[in-house]
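Observations on chain architecture
Okay, here's what each chain looks like letter by letter:
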Amino acid sequence: MGLGAMSAARVLGIATVAAVGLACTPTPTELEQERRSRLPDSAFATSEDPIEPIPTRTGADPRKVALGRALFSDPILSGNGSTSCASCHVLSEAGIVAGEARSTHPRDDTGPYNVPTVFNVAFNARFNWTGRFATLEDHLRALLLNPEVMDAGTWEELLPRVRRKYERRFVEAGYPSVSEATLIDAIVTFQRSLVTPNARFDRHLRSEEVLSEEELEGYEAFKSVGCISCHQGINVGGNVFQRFGVMEDAFEGRTVGRRDMGRFLLTGRPSDVHVFRVPSLRNVAVTAPYFHDGSARTLEDAITRMAAVQLGYVLPGPQVARIAAFLRTLTGEYEGVSVGESRR
Amino acid sequence: MTTLRSLRLAWIAVVLALIAATGFAWLRQPDDDEHASYSRHLQSAQALDTRLNEEVAKSRLGIVNHYDRLVAVWDDIAALERELGDTPSLVDATGRAEMAPRLAAYRAALRHKETLVESFKTEQAVLRSSVRAFPLAVARARDATRDDPAAAPFREALTQLEHDVMLTLVAPSRLDAERARCALVGLDSPERPMLPATLSACARGTVAGLDARRDLVAPVLVHAAVVVERQPRVERLVSSIVTQPVRARASAVLESYTASYERASASSRIAWLLVYGLVIAALAAGAADIIARLTGSKRALEDAHTRLSNALAELRVERDREMELAALKSRFVAMTSHEFRTPLSVILSSAELLEAYGDRWPREKQLGHLRRMQDSAKGMSRMLDGVLLIGRAEAGMLELTPRPVELHPLCDELVEQARLLVGSERRLDYVNTAPEEPVWLDEKLLRHVLTNLLSNAFKYSPDDAPVTFVVGHKDDAATFDIKDRGIGIPDEDRDRLFEAFHRCANAGSVPGTGLGLAIVKSALDVHGGAISVQSEIGRGTHFHVEVPYRQVDA
């Protein structure tokens, strides 16, 4: 219905952009600002900020969250009694194993996967680097039984172990008994409660805090360079698939292994080669290393490589620094403490 | 009784059928909540598909610049898809068979759409980046050569490219696309072909100083290529997404589901109708049973009442007879005490006198006493005969044995007998007009009747009063009229005149047993005859008797 009108508005908008481009020689950031200031709140202008703040409250049942927290860090879930979820997702270390690209996922010739943080998983559309799982429940179920990860054995073996220790706590938390469904639900409820609100950027969005000049410029650059195309939404990513290396070959000069094939491993479609789930940039400053293989050790390194292989830009150093400054404002709080506090 | 039992059985059968039918109907009753939620899901599936398309369009047009809402809609669709897997129990096997392929088709369309949407998001992200980056890259290249007059053609080419690329973006007509591609090819370097081979046919222009500006041109080319290549791809994806027949497939599922539901509720309606019918039948049968029972018990009550009444009546009759018998006995005793004692005492005293004085008495006196003894014994014998006759009559033992009888000799003999009995001095007027030929009568019974009537006529009239005896005939009956001029019969005794041992109040000291007229009546009753009486106290009595001839069939 309004499609024709939209197209007309677009013609107008892009013509304006072109005109501005011809009239002067602004920096990309300036251009973006110019464009924003010139365009009114029309249908063409983006009516919503591409990033939304994380809500400060989760409606989760605190009894279930407490039970899920205990289970999350209890190694009895693993087959050999030595591994818990918290072994790889250390909550005091931003929900990852600090500084390591370590994963007990099926290994291949090129090394382990980088462990994604467990914080804010509630806002992700899919889970794992390849987006294999559509729900946290499916994800947890698969990882518990995966011999390479938790190796919990069968449900018949796992449930009695849990029942012996937690029967009473399950009932106290309002579950009828210990079962596959309730065990999964308790842990997933806890996972969903792991949100990190009150990042400085969120406070800025809520007009509670003023960001520095550099940080704001970083945000503008983040948008104008095009990072925002994938890293958008409440989780600044996590809801779209993208090929690693749109403009350039991301694996140039490196051995490409199974791990690097991405979604292709799942779908077998040639178009899914090197396609990964775009990770969330929430708490990105404290969740190094970066990329599926942990190959970027620093934020700046990651920004530079992303701009090059995804966007075809060679970003100058100050621009990278500005974007990094913006990304640092995405570090939120968990239970009132800044995420990854211990590491800083 | 059997009707009642079969009614009862029918009633029980109907009630059992009712219970069975209710259970059946209950089972067949579609779960309304389940139905409501399932059909709501199916309708939401269609609505959500529209919302998804809307979100895709918004995202494509840049109205929404993140994918969270698209993801949220998709999550809803996925949740709904899981819900739709649970086919409601009301769907029968046919419905399931019909729905299964449609559901599968719906799922397949969803899977395809999911892939398309993911591709759209991916491609759209790249396209958006380049759409943002491209004018910036162009601006940067232009800016860098602003002060170089020799670079004017380069800048011109840049402007042309920007114009064409932007045009493809907003109005992806085939012509614009070709022009943009050609412009692009004009700027492209031979060592890094970024465009499809199909475009190599386009004319290659050369731009002065291009090599020197490689670093400036490269991003322009890269983004231009992205826009030109991906723009139509994204449009195709959007078009494919929007035209994915998810809504139609969901609608098809809803259609066959609705058909199933209609079937289920129709059969449920029939089942309930059956139940209602059976309820009515059960009520009717129950009512009929109750009515039949009431009627039955009323009839039984009436029967019992009748039986009781009959028994009571019988008891009354019995009692009356008992009382009569008792009265008869007491009369008999009273009579015998008097009637038998008198002749007995006569006999006894005569016998005692004869014993004591017989040898001294003269012959005359002895004979007198002997005669008295004989008379008394004869009287007793007669009375005994009468009693026995009455007894036989009352016991129904009196039999009619008709024989040809000549009435003249019979009546003459009876008259002769009467004269002998009462003495020749008593006057008897005797007229006989009966037919000469023999008639069929029971002679013995007739003798009883006439003897008694004649004897009574003499007994209850003065010695000088004459007695008339007329024998005649009338039709098929003989008539006998016996008249006297005696004491008459009082009115109060008329009713009981023919009862045994009854004697009239004015009978006084006249000896009698009270059996005579009872014998007459009994004999006439056996013979089918009739007797009537006219009497006046002190003036006399007239008995009229009719005895029908009893012609015995040969």
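Attention here is on the structure that accompanies the text. Please read these numbers as outputs of a predicted model, since none were measured by experiment.

Here's the deal with the nonpolar core
All names here are of chain B. Of all hydrophobic cores here, the largest spans 57 residues; its most connected members are Y106, F120, F134, V220 and Y257. Of all the elements in the fold, those that place two or more residues in this core are α2 (32–60), α3 (68–85), α4 (93–144), α5 (152–170), α7 (214–243) and α8 (246–357). At 15 residues, the largest contribution of residues to this core is made by α4. Residues in contact with Y106, not counting those within four places in the same chain, are A45, L84, V246, R249, A250 and V253.

Here's the deal with unusual backbone geometry
Between A288 of chain A and the following residue, P289 of chain A, the backbone shows a cis peptide bond with an omega angle of 0°. Turning to its location among the elements, P289 of chain A is positioned in the loop between β2 (275–277) and α11 (299–311). The phi dihedral of V236 of chain A falls on the positive side, at around 50°, and the residue is not glycine. Tracing the backbone shows V236 of chain A in the loop between α9 (213–225) and β1 (241–243). Residue class for V236 of chain A comes out buried when judged on its relative accessible area of 0%. At D475 of chain B, a residue that is not glycine, the phi angle is positive and equals roughly 50°. Its place among the elements puts D475 of chain B in the loop between β4 (467–474) and β5 (477–483).

Describing the pairing of strand β6 (residues 530–536) of chain B
All names here are of chain B. When β6 meets strand β7 (residues 540–548), the two strands line up antiparallel, connected through seven bridges. Bridge pairing in β7 places E536 opposite G540. Connecting β6 to the next strand, β7, in antiparallel fashion are three residues, including G538 with a positive phi near 80°.

Considering the packing of aromatic side chains
A full pass over the atoms with the stated rule returns 15 aromatic pairs over all chains. Between Y38 of chain B and Y257 of chain B, the aromatic rings sit 4.8 Å apart at their centres with planes inclined by 55°, giving tilted as the arrangement. Of this pair, Y38 of chain B sits in helix α2 while Y257 of chain B sits in helix α8, and the two are 219 residues apart along the sequence. In this structure Y38 of chain B comes out as buried when scored by relative accessible area, which is 3%. What makes Y257 of chain B buried here is its relative accessible area of 0%. A cation over an aromatic ring shows up here: K64 of chain A above the ring of Y175 of chain A, its NZ or CZ 4.7 Å from the ring centre. Taking NZ or CZ as reference, R263 of chain A lies 3.8 Å from the ring centre of F241 of chain A, over its face.

What counts and how
Once a new chain begins, its residue numbering starts again from 1 and follows that chain's sequence as written. Chains carry letters from A onward and ligands carry numbers from 1 onward, assigned in written order. Local features in this predicted model are restricted to residues whose pLDDT is 70 or higher, and side-chain atom pairs enter the listing and the counts only when it is 80 or higher, whereas totals over whole chains, interfaces and linings include all residues. Heavy atoms from the whole structure form the basis of all side-chain values; hydrogens and water molecules are not counted. As used here, the term nonpolar core means buried Ala, Val, Leu, Ile, Met, Phe, Trp, Tyr and Cys residues forming a set that is joined through side-chain atoms within 4.5 Å. Only protein chains enter the accessibility calculation, which uses a 1.4 Å probe; a residue is then buried when its area is under 20% of its type maximum, exposed when over 50%, and partly exposed in between. Helical segments are the DSSP runs of H or I of at least four residues, strand segments are the runs of E of at least two, and each set is numbered from the N terminus. It only takes one pair of heavy atoms within 4.5 Å for two residues to be counted as in contact. Paired strands, as defined in this entry, are two strands with at least two bridges between them according to DSSP. Centres within 6.5 Å are what make two rings of Phe, Tyr or Trp a pair, Trp counting through its six-membered ring; a difference in plane orientation under 30 degrees is then read as stacked, over 60 as edge-to-face, and the rest as tilted. Any Lys NZ or Arg CZ that is within 6 Å of a ring centre and within 35 degrees of that ring's normal is treated as a charge sitting over the ring.

Everything listed here is a matter of geometry and, on its own, says nothing about what the molecule does.
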